[in-house]
Amino acid sequence: MADPNETNLEKYSVRRFPAVADPGDADYSRCTTWVQAVSHGFHQQRRDAEYLAKTLSAYQTDKREFTGVYVNGGVPDHSLGRDVPVATYATMRKSLNIGFGRQLEANLVTAVTVRGTHRRNGILRGMITADLEAAKDDGLAMAALTASEGTIYGRFGFGVATFERSIKVDTGPRFRLKGQPDGTVEVADPAVLLDVAPQVFERVQRVSPGSVDRQEYYRLVASGSIGHDGKPDTSVRCALHYDPSGTLDGFVSYRFKGWDHKPYTMEIVDIVAATNAAYLDLWRFLGSIDLIDEVTWAEAPVDDPLTWALEDPRCIDASEIRDMLWLRILDTPAALQARSFPASGRLVLEVTDPLGLAGGTFVLTSDAGAAAVVTDASGEAPHLSMDIADLASIYLGAVSPVTLAAAARIQEKTPGAALQAQQIFAVERSAHCLTHF
Ligand SMILES: CC(C)(COP(=O)(O)OP(=O)(O)OC[C@H]1O[C@@H](n2cnc3c(N)ncnc32)[C@H](O)[C@@H]1OP(=O)(O)O)[C@@H](O)C(=O)NCCC(=O)NCCS
């Protein structure tokens, strides 16, 4: 299964096709069947026509490419038909903020499922290796995904590059933020987020290392236009933040968890702030909502300014620090040259790649703000030696090369080289990705 357009010997055929949203299109039913297979793979309910229509419309906007793996030959009577893929995989292209305002186009991988009765036959390996090779051939230097399990993707050269955590914030009497509000917060009809959310997020994307540009779905969810079941979510509320000049620069959408849920809780659906002040003011607002004892957020940054803005940082009850964004470097010189490095230095990096896409020995010369990469460094003794997945982990500065050396993942051939790499790979603020895909 080296190529998604090739037939995999006798057993499977692999087909790649774009998402289409027009029910009159000849390929629409192939797309709806594919979406149903994804729901099956993630143990979700069967999708109704409304959900399928909304979802495919969003997927088409994102220009998602679907891959389906289909059984050749006949299937037993009464089992799922041959038109239902036994495996699914999708990609779309979005920008990744790689620090200091630089953006790198990335191949985002999503909707990876293999039906239980076909698992561990190398189907995922076939789909992902073919896709990564194709993305590289197409000139992309980076791929990214979010993972359901921590054990699957390291073998394909993906490394964890950002983290997130779930928080519960006590908004009772001890909730007080230092400093003063900088702007104003107004409650709004969540429907305005259909227009406003992408505009605010666009500003966030420009200034937030680790951020991935959002897919269409986000504004639909933030505005309550679509809930988990595909129907409008009428419990969603929203508030907007305006800076002192009256410019809208942040929003939060949230829902009440109900009177039978104690403590009385507001759950954040989405919070996006283009400035530090907007972020803190939105939290001031959340902390001021009457009748509410607690605010929860499942996608909070680990290094959260809120912790330090609270008079009592113990208002935050944090749990479940999780890996979030996984990166896969497809072209090491291109990925390194795309970055801006804040410290000067010269490092010889020996990189191994199990898939043979991006390995080699490279000299990274940084001049505090510019980077030069010499690809042919064979013969030079490396300062650091690592797997391509570890280079992905340190790429956004959120994972320390010193820690990876202590974990025996990176080999430090020259004492002090891991610390030097940590300084070179730093970004201007803690990398965090607000976008799941
Ligand atoms: C994860 C999943 C896609 C794997 O598909 P698959 O076709 O069985 O995987 P493959 O047979 O190609 O396995 C490739 C390699 O990954 C390993 N692997 C696959 N799934 C794994 C898992 N869940 N945990 C650990 N290792 C796993 C295999 O052992 C194999 O290793 P090897 O090639 O080094 O021997 C499939 O189990 C699945 O659909 N799971 C439920 C949905 C899900 O979690 N999807 C991932 C979303 S991010």
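Residues numbered from 1 in each chain as written. Predicted model: local features only at pLDDT ≥ 70, side-chain atom pairs only at ≥ 80, totals over all residues.

### Here we look at the domain arrangement of the chain
Annotation of the chain at the domain level lists domain 1 (7–140), domain 2 (164–321) and domain 3 (332–387 + 400–424). Using C-alpha coordinates to define each centre, domain 1 is positioned 34 Å away from domain 3. (Domains from an automatic or database assignment.)

### What to know about the environment of Leu396
Relative to the helices and strands, Leu396 resides in the loop between α9 (388–395) and α10 (401–406). Since 25 C-beta atoms lie within 10 Å of it, Leu396 is described here as buried. Residues Leu396 and Thr247 lie 149 residues apart in sequence; the distance between their C-alpha atoms is 30 Å. Contacts of Leu396, omitting those with residues within four sequence positions, involve Ile98, Gly99, Ala161, Thr162, Pro209, Gly210, Val427 and Ala431. (Helix = DSSP H or I, 4+ residues; strand = E, 2+ residues; numbered from the N terminus. Buried ≥ 20, exposed ≤ 12 C-beta atoms within 10 Å, placed from the backbone. Contact = placed C-beta atoms within 7 Å.)

### So, the sheet that holds strand β14 (residues 316–323)
Read across the open sheet, the seven strands follow the order β9-β10-β11-β12-β13-β8-β14; overall the sheet is mixed. Of all the strands in the sheet, just β9 (184–188) and β14 have a single pairing partner and so form its edges. With direction set aside, neighbouring strand axes in the sheet form an average angle of 25°. Pairing analysis gives seven bridges linking strand β11 (residues 248–256) to strand β12 (residues 265–273), with the strands arranged antiparallel. Note that in β12 the partner of Val252 across the bridge is Ile271. Helix α4 (residues 193–207) contacts β10 (236–242), β11 and β12 of the sheet and is inclined by roughly 120° relative to β11. In the packing of helix α6 (residues 276–287) onto the sheet, the strands contacted are β9, β10, β11, β12 and β13 (294–300), and the crossing angle to β11 comes to about 30°. (Pairing = 2+ DSSP bridges. Axes fitted to C-alpha atoms, helices over the stretch in contact; angles between N-to-C directions.)

### As for the site of the ligand
If you check the shell around the ligand, you find 17 residues, and the closest are Val114, Arg119, Leu124, Arg125 and Ser148. Where the shell around the ligand is concerned, the elements lending two or more residues are β5 (103–114) and α3 (123–137). Residue composition of the shell around the ligand, grouped by class: six nonpolar, six polar and five charged. (Near = placed C-beta within 6 Å. Nonpolar A, V, L, I, M, F, W, Y, C, P; charged D, E, K, R; others polar.)

### Notes on the sheet that holds strand β16 (residues 344–352)
Pairing within the open sheet is mixed, and its five strands lie in the order β18-β17-β16-β19-β20. Every other strand in the sheet has two partners, leaving β18 (371–374) and β20 (411–412) as the edge strands with one partner each. Inspection of the sheet shows β16 paired to strand β17 (residues 360–367) by eight bridges, in the antiparallel sense. Each residue of the ladder has a partner; that of Val351, found in β17, is Gly360. Contacts between α9 and the sheet are confined to β16 and β19 (384–387), with β19 contributing the most and set at about 105° to the helix. Each of β16, β17, β19 and β20 touches helix α11 (residues 417–424); the most contacted strand, β16, lies at about 110° to it.

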